[in-house]
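The lines below spell out each chain.
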Amino acid sequence: MAIGLSHLSAGFIAVLVGYTSSAAIIFQAAAAAGASQAEIGSWMWALGLGAGLTSIWFSLRYREPILTAWSTPGAALLVTALAGVSMSEAIGAFLFSSGLILLCGVTGWFDKIMRLMPAGLAAAMLGGVLLNFGLGLFASAQTQPWLVGAMLATYLALRRRWPRYVIPLSLLTGLAVAGAAGLLQFDEFEWQLAQPVLMLPSFPLASLLGIGIPLFMVTMASQNVPGIAVLRAHGYHTPASPLIGWTGFTGLLLAPFGGFALNLAAISAAICMGKEVDANPHQRYKAAVWAGVFYLLMGLFGATVVGLFSALPTELVMAIAGLALLGTIGNSLTVAMANEQERDAALLTFMITASGVALFGIGSAFWGLVIGGGVHWLNRRNQH
């Protein structure tokens, strides 16, 4: 299998974009559940291993550039949903969510469920979940205005010209400014392999409803649906159900080690599908294979990745997370408000989710969908 430099570089950039866009959010999510440094390292090990193995297997099996990843919006949801939740309850919710994903793949329910969920409500829930990250970008400027200002300026200057590289370049800018200001703390940083930590689950109903179901819906609606759309847009027609089913099965195996959700990649996958990767579309799968290799390496050194991000100032982590999610927030709000007949239901879903309200121990994302879905149903009924 001849592999060119373009395949290797595309695979590396796809993984780099994936990590710089979401690693900080994953750390916050794990910390919200009270994870230790060893457990956070295990989360990164499980996610890297799962994404690496499935990317390599899918791409070699179908000879198409099929890239998997973890659910970044799902991680963002977990930052708030896991607050005050024990690690065992979190693991139980992860298993429940992956089980539902596997069920959708095995039964072929994927398309049916997506048709039942109005696109506007799913987008509104996602926007509500991510809003605090966008606000955190600017809140962090209160304590480190030069650091955040330089990163924001880099993002605004380059997002049109080099959209594929704007997040890594914004991160590099932040690192340069933080280094010049003496904000980087590498005293305790060391290279080390990640050690998987087995975390036993528990299954209280409140956690399954308040965490498991929203995690499942966000992963399916904001990751798997765009992932299939990206494949189709580039002329690849891999059957969807086996891909969904295998990501769910892999998630079940890795959830006890912190693998909260595995899914098809969209943004990073597109990096492996363009003409610049290979003029022959039937050879672009090699880029996704390389991406899988890099995912495996990042997973094996998950503890090192944890140590690296622990050395960064909090403001830099908040800023890069906010910048990475700005486009997703904007797209979510655009889709949520596009249909005038769904607008009031979508607005309620967005506001309830963004509020962070928790009733009966169940998080705001669930209530946003329930109340917004109820309003949507009443509107449809009144129209008929």
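Everything below is about the structure printed above this text.
Residues numbered from 1 in each chain as written. Predicted model: local features only at pLDDT ≥ 70, side-chain atom pairs only at ≥ 80, totals over all residues. Heavy atoms only, no water.

Draft legend 1. Seen up close, the overall build of the protein chain. From N to C terminus, the protein chain includes 16 helices and two strands. Here the protein chain has a C-alpha radius of gyration of 20 Å; the compact-globule value for 384 residues is 21 Å, and the two agree. With the C-alpha coordinates of the protein chain rotated into their principal frame, the extents come out at 60 × 50 × 45 Å. For the protein chain, buried positions account for 53% of its 384 residues. For the protein chain, the share of sequence-separated contacts (at least 6 apart) that also reach a separation of at least 24 residues comes to 84%. Taking the average place of the 15 positive charges on the side chains of the protein chain and the average place of its 13 negative ones, the gap between the two points comes to 17 Å. (Helix = DSSP H or I, 4+ residues; strand = E, 2+ residues; numbered from the N terminus. Rg over C-alpha atoms; globule rule 2.2 N^0.38 Å. Buried < 20%, exposed > 50% of the residue type's maximum accessible area, 1.4 Å probe, protein only. Contact = heavy atoms within 4.5 Å. Lys, Arg positive; Asp, Glu negative; His and termini not counted. Charge placed at Lys NZ, Arg CZ, Asp CG, Glu CD.)

Draft legend 2. Expanded view of the packing of helix H3 (residues 72–81) against helix H6 (residues 119–139). For the pair H3 and H6, the least separation of the axes is 9 Å and the interaxial angle reads 70°. Classed by the angle they form, the pair H3 and H6 counts as roughly perpendicular. In this structure, the crossing between H3 and H6 has a hand that is left-handed. Counting all contacts with H3, which are made through Pro73, Ala76, Leu77 and Val79, the residues of H6 involved are Leu126, Val129, Leu130 and Phe133. Split by residue class, the contact of H3 with H6 holds eight nonpolar, no polar and no charged. (Axes fitted to C-alpha atoms, helices over the stretch in contact; angles between N-to-C directions. Parallel < 35°, antiparallel > 145°, perpendicular 65-115°, else oblique. Left-handed = near helix turned anticlockwise from the far one by under 90°. Nonpolar A, V, L, I, M, F, W, Y, C, P; charged D, E, K, R; others polar.)

Draft legend 3. Fine view of the layout of surface pockets. Considering only enclosed or pocket space, the largest pocket measures out at about 1,300 Å³ in volume. Ala266, Ile267, Gly327, Thr328 and Asn331 are, among the 45 residues lining the largest pocket, the residues nearest its centre. Breaking the lining of the largest pocket down by element, the ones donating at least two residues are helix H1 (5–32), strand S1 (68–70), H3, H6, helix H8 (166–180), helix H9 (205–233), helix H11 (267–271) and helix H14 (314–338). Ranked by residues supplied to the lining of the largest pocket, first place goes to H14 with eight residues. Of the residues belonging to the lining of the largest pocket, the class tally is 29 nonpolar, 13 polar and three charged. (1 Å grid on protein atoms, 1.4 Å probe; cavity = no way out; pocket = protein on both sides within 12 Å on 5 of 7 lines; lining within 4 Å. Points joined across faces, edges and corners; volume = space filled by probe spheres on them.)

Draft legend 4. Looking closely at empty space enclosed by the protein. Taken as a whole and assessed by the stated rule, the structure comprises one cavity of 30 Å³ or more. In this model, the largest cavity occupies a volume close to 30 Å³. Of the residues belonging to the lining of the largest cavity, the class tally is eight nonpolar, one polar and no charged.

Draft legend 5. Summary view of H14. Along its 25 residues, H14 runs 35 Å from first to last C-alpha, staying within 8% of the 36 Å computed at 1.5 Å per residue. The principal kink in H14, of about 40°, is found at Leu325. (Expected span 1.5 Å × (residues − 1). Bend = angle between axes of the 7 residues up to and from the residue.)

Draft legend 6. Region of interest: the nonpolar core. Counting 88 residues, the largest nonpolar core has Trp43, Leu67, Leu82, Phe94 and Phe260 as the members making the most contacts within it. The contacts of Phe260, once residues within four sequence positions are left out, are Ile26, Trp43, Leu47, Trp70, Ser71, Gly74, Ala75, Leu78, Phe94, Ser98 and Leu215. (Core = buried A, V, L, I, M, F, W, Y, C linked by side-chain atoms within 4.5 Å.)

Draft legend 7. Geometry of helix H15 (residues 343–355). Look at H15: 18 Å from first C-alpha to last across 13 residues, which is about the 18 Å you get at 1.5 Å a residue. Those residues of H15 that sit buried are Ala345, Ala346, Thr349, Phe350, Ile352, Thr353 and Ala354. In the segment just after H15, Gly356 is the residue with positive phi, at about 75°.

Draft legend 8. Local environment of a nonpolar patch on the surface. There is a patch of nonpolar side chains on the surface, built from Trp191, Leu193, Leu297, Leu300 and Phe301 and spanning about 520 Å² of accessible area. Its place among the elements puts Phe301 in the loop between helix H12 (285–300) and helix H13 (302–310). Take Phe301: its relative accessible area is 31%, and that puts it in the partly exposed class. (Patch = residues over 30% accessible without salt bridge, like charges linked within 9 Å, V, L, I, M, F, W, Y side chains within 5 Å. Areas by Shrake-Rupley, 256 points an atom, 1.4 Å probe, with all protein chains shown as cover. Salt bridge = Lys/Arg side-chain N within 4 Å of Asp/Glu carboxyl O.)

Draft legend 9. Representation of unusual backbone geometry. Unusually for a residue other than glycine, Arg63 sits at a positive phi of about 55°. Along the polypeptide, Arg63 turns up in the loop between helix H2 (37–62) and S1. Relative accessible area serves as the criterion here: at 43%, Arg63 is assigned to the partly exposed category.

Draft legend 10. Local environment of the packing of aromatic side chains. Under the definition given, this model contains eight aromatic pairs. Arranged with centres 5.3 Å apart and planes meeting at 75°, the rings of Phe12 and Phe294 form a pair that is edge-to-face. On the criterion of sequence distance, the pair formed by Phe12 in helix H1 and Phe294 in helix H12 is long-range, its members being 282 residues apart. Through successive ring pairs, a cluster of aromatic residues spans Phe12, Trp290 and Phe294. (Phe/Tyr/Trp six-rings, centres within 6.5 Å; stacked < 30°, edge-to-face > 60°.)

Draft legend 11. Layout of the side chain of Ser55. Within the fold, Ser55 resides in helix H2. For Ser55, a relative accessible area of 0% corresponds to the buried category. For Ser55, the side chain forms a polar contact with the main-chain oxygen of Ala51, separated by 2.7 Å. The residues touching Ser55, leaving out its near neighbours within four places in the chain, are Ile66, Leu67, Thr68, Ala288, Gly292 and Tyr295. (Polar contact = N/O pair within 3.5 Å; in protein donor to acceptor, adjacent residues only side chain to side chain.)

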